[in-house]
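Now for the letters of each chain:
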Amino acid sequence: MDQDQSGALRVVRQHRGTQYNISFLRKKENHMSQLTIRNVNILDGTGTEAFYGDVTIEDGRITGVGDATGSVTNNTTEIDGDGLHLAPGFIDTHSHDDGAFFRHPGMEFKLAQGVTSVVTGNCGFSAVPASAHMDSAKASGGILAGIQAGFTDLEGYFEAVLQNKPAINNMMLTGHNTVRSIVVGHEQRAPTREELRKMRALVEQQLEQGSCGFSTGLIYTPGKWSETEEIIELASAANLHNALYTTHMRNEGDRLLEAVEETLTIGQESDVHVHISHHKSAGQPNWGKVRASLERVDEALKLGQRVTLDVYPYTAGSGRMIEYFNLEKINRTFAEVIQLASCAAFRHYEGRMLVDIAKEEAIDITDLVKKILTAPGGEKTICVHFIIDEKDIETNLAHADMMVGSDGIPDLRGRPHPRLFGTFPRVLGKYVRERGILSLPEAVRRMTSLSAETFGLQDRGKIQAGYWADLVLFDPATIIDTATYDNPKQEPTGISLVVVNGNIALQNGQHSGAGAGKMLRYRREAFG
Ligand code: ZN
C-alpha cells in the first residue's frame, strides 16, 4: 500500500467506492486552484478609482469581482487582503530576460516587484531565431546570458523554458540584431536583396509562432549599420500580424529628435504600431529635449499614427560599456559619469565610479577605460552611467501613453543597475505617492491594461471575470524600492502577495516556487 496521502486516498476509494469519496477526491484536486482574496481595494487596471470588494479565482482565471460572501466553499484558499490594494500583476514592457528564464527561472527580482509578465527580445536582441552556427548570448554581448538548449525558433524556445517551470509569463519580440547576425554576420554593410529576404522570412516565422513584434537596437552592432529602408522592410512583416515595431532608437542624445523622426517614418511606411523604448534625452546638454520629442509623438498621435513609449524611473542608464566607446577617441565626459556594474577583469572595481578609481590609481580616466575594455573579458563589462535629468523622468511619466519598462540586465554578479529590482515599486512610491506626478489608478493602468493591450497579452492586465489571475497585493502608503546603486540586489517593500495564473507565487516575502508562468503568444491563447 502506498504510504503517501494520494495513495491512501485511492485505497479508500477502492474499498468504499462511494460517491462521497469520489467527490472528496475531486475537491481535493481542485483545492489548490480555488483562491479568494477578501477585503481589498481593487484597482482593476482600467484607470478607474479603487473599489472595495473580494476577488474569486478558479483554475487560473478570475471568476468573480465584488462580494464573495457565501460563494466560497470550504475547499477554497482564502486570503484576507486587510484593506490593501489589489491590482493586476505588473507587466514589464522592456526586459532582457530571454536568458534569465534559464538562469533564474524563479525570477525573484521581478516577482518581488509585483511583475507577473515580461516582454523579452528588446533592443534588437532576442533568444530566437537562433542558428547552430551562432551563440545568441554572445551575439547580444552577453546580455542574454544563460540561454541553454538547442532550439532555433520561438516554439523551441518556449518548450525549453517551460521545462524549467518559470515563475512568470513571457511575451517575446524578435530582434533585428539577432536576425542580422544570423544572415549577414557582423559585416558593416547593407544586406543583399537575398539576405534581406532571408531576414524577413526569419522575422515572419517568429511572428507566425506568436512573437509580438520586431525590435531594433540601432546603437548596437550590427543594427547600427542598417539604413532606414532595411528596417521598414522588416517592420512591415509585423503589419501582417497587426504586431509591433519597438525600438531602441539610433540616437537618444544630440540627435534624439532626428531619431524620433526616423522611428515615426518607419511606423508610417510599414504601417505598424511603433513603440519607443526607454524614452530619454541622454547627456546634460540634451536634458529637457524629451518635451520636444513627446510633442512630436503627440502630433503623430493626432494624425492617427499608433505610437506608445516606455521609461525606467532612474537617472542612470546601463549597458555594455564597450558599446559606448570608440577606443581610438575615448569620450572623457562620458567616462566621468560611469559606475561599474559587472566587471569580470577587475571585480574589485564593481560598484565604483571610474573617476574615483582613476584618482586612486593615479591614471588618466581615458587610460582606465582602455585598460578595462582591453583586458581579457573586458568586452563583457556592464556599466551604469548617470546621463538623465530627474525632471525628464517626470515629464515622461506624465505622458498618458508612457508605460513602465525596467530595462534591467539580469546579471546578478557585481552590482547591477537597481532598476532590475526596484522599477515598479519606485514608480508607485516615489513618483505617485511622494511626487504626485500621476495618480495611483493611472500608474497602475500604465503598468497593466495599457501594456497588455499594446503588447497583445490576451486576457491579462485587468481585474475582470474571465481574465487570467495575475495579481499583486500592495500597500500604496508604504510601497517603495530599496535597491540602490551601492546595494542593488534588494527586494522592495510594501508588496505582500503576488499571484501568477491563479497560483500564489510570493507571499509575505516568501517565494513559493510554484513555477506557474506561461509562454504567451501575441493576441492568442496563452500556451502552457
Ligand atoms: Zn535599449
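What counts and what doesn't
Residues numbered from 1 in each chain as written. Predicted model: local features only at pLDDT ≥ 70, side-chain atom pairs only at ≥ 80, totals over all residues. Heavy atoms only, no water. Donors = N, O, S within 2.8 Å, 3.2 Å for Na, K, Ca; no water. Helix = DSSP H or I, 4+ residues; strand = E, 2+ residues; numbered from the N terminus. Buried < 20%, exposed > 50% of the residue type's maximum accessible area, 1.4 Å probe, protein only. Pairing = 2+ DSSP bridges. Axes fitted to C-alpha atoms, helices over the stretch in contact; angles between N-to-C directions. Phe/Tyr/Trp six-rings, centres within 6.5 Å; stacked < 30°, edge-to-face > 60°. Lys NZ or Arg CZ within 6 Å of the ring centre and 35° of its normal. Contact = heavy atoms within 4.5 Å. Parallel < 35°, antiparallel > 145°, perpendicular 65-115°, else oblique. Core = buried A, V, L, I, M, F, W, Y, C linked by side-chain atoms within 4.5 Å. Left-handed = near helix turned anticlockwise from the far one by under 90°.

A. Representation of the coordination of the zinc ion in the model. The protein atoms that coordinate the zinc ion are Cys 123 (SG), His 248 (ND1) and His 278 (NE2), at distances spanning 2.0 to 2.3 Å. In the primary structure, the donors to the zinc ion are separated according to the pattern C-x124-H-x29-H. Linking Cys 123 in the loop between β7 (115–120) and α5 (136–139) with His 248 in strand β10 (residues 244–248), this pair joins segments that are 125 residues apart in sequence. Comparing Cys 123 with His 248, the two get one shared label, buried.

B. A look at the sheet that holds strand β14 (residues 338–342). A sheet is described by the order of its strands in space; here three strands give the open sequence β13-β15-β14, paired in antiparallel fashion. Edge positions in the sheet fall to β13 (316–320) and β14, since each has one partner strand and no second. Each neighbouring strand pair of the sheet contributes to a mean axis angle of 25 degrees, computed without reference to strand direction. Note: β13 against strand β15 (residues 382–386), five bridges, orientation antiparallel. Residue Gly 317 lies in a different strand from β15, and its bridge partner there is His 385.

C. Quick peek at the packing of aromatic side chains. Applying the stated criterion across every chain yields a total of 14 aromatic pairs. One aromatic cluster in this structure is built from Phe 102, Phe 151, Tyr 157 and Phe 158. Here Arg 419 stacks its cationic end above the ring of Tyr 312, 4.6 Å away from the centre of that ring.

D. Highlighting the sheet that holds β7. In space, the eight strands of this open sheet follow the order β6-β7-β8-β9-β10-β11-β12-β16, with parallel pairing throughout. Two strands close off the open sheet at either side, each with one partner strand: β6 (90–92) and β16 (402–404). Neighbouring strand axes in the sheet, compared pairwise and without regard to direction, differ in orientation by 30 degrees on average. One ladder, built from three bridges, connects strand β8 (residues 169–175) with strand β9 (residues 213–217); its direction is parallel. If you follow Gly 175 over to β9, its bridge partner there is Ser 215. Strands in contact with helix α11 (residues 289–302) are β11 (273–276), β12 (307–311) and β16; relative to β12, the strand with the most contacts, it is inclined by about 150 degrees. Contacts between helix α16 (residues 419–434) and the sheet are confined to β6, β7 and β16, with β6 contributing the most and set at about 125 degrees to the helix.

E. Structural detail: the packing of helix α13 (residues 354–361) against helix α14 (residues 365–374). In the contact formed by α13 and α14, the axes pass within 9 Å of each other and the chain directions differ by 105 degrees. Judged by the inter-axis angle, α13 sits roughly perpendicular to α14. Of the residues in α14, those in contact with Leu 354, Val 355, Ile 357, Ala 358 and Glu 361 of α13 are Ile 365, Leu 368, Val 369, Lys 371 and Ile 372.

F. Inspection of the nonpolar core at higher detail. Tyr 157, Leu 340, Leu 354, Leu 428 and Phe 474 are the most contacted members of the largest nonpolar core, which totals 133 residues. In terms of residue count, the dominant contributor to this core is α16 (seven residues). Discounting chain neighbours no more than four positions away, the residues touching Leu 340 are Met 321, Tyr 349, Glu 350, Gly 351, Arg 352, Leu 354, Ile 357, Ile 372, Thr 381, Ile 382 and Cys 383. Counting 16 residues, the second-largest nonpolar core is a separate cluster that includes Ile 57, Ile 463, Leu 497 and Val 499.

G. Region of the structure containing the packing of α16 against helix α17 (residues 440–447). Packing of α16 against α17 brings their axes to within 11 Å, and their N-to-C directions diverge by 155 degrees. Taken as axis vectors, α16 and α17 run roughly antiparallel relative to one another. For the crossing formed where α16 meets α17, the hand is right-handed. For the pair α16 and α17, the contacting residues are Phe 424, Val 427, Leu 428 and Val 432 in the first and Leu 440, Ala 443, Val 444 and Met 447 in the second.

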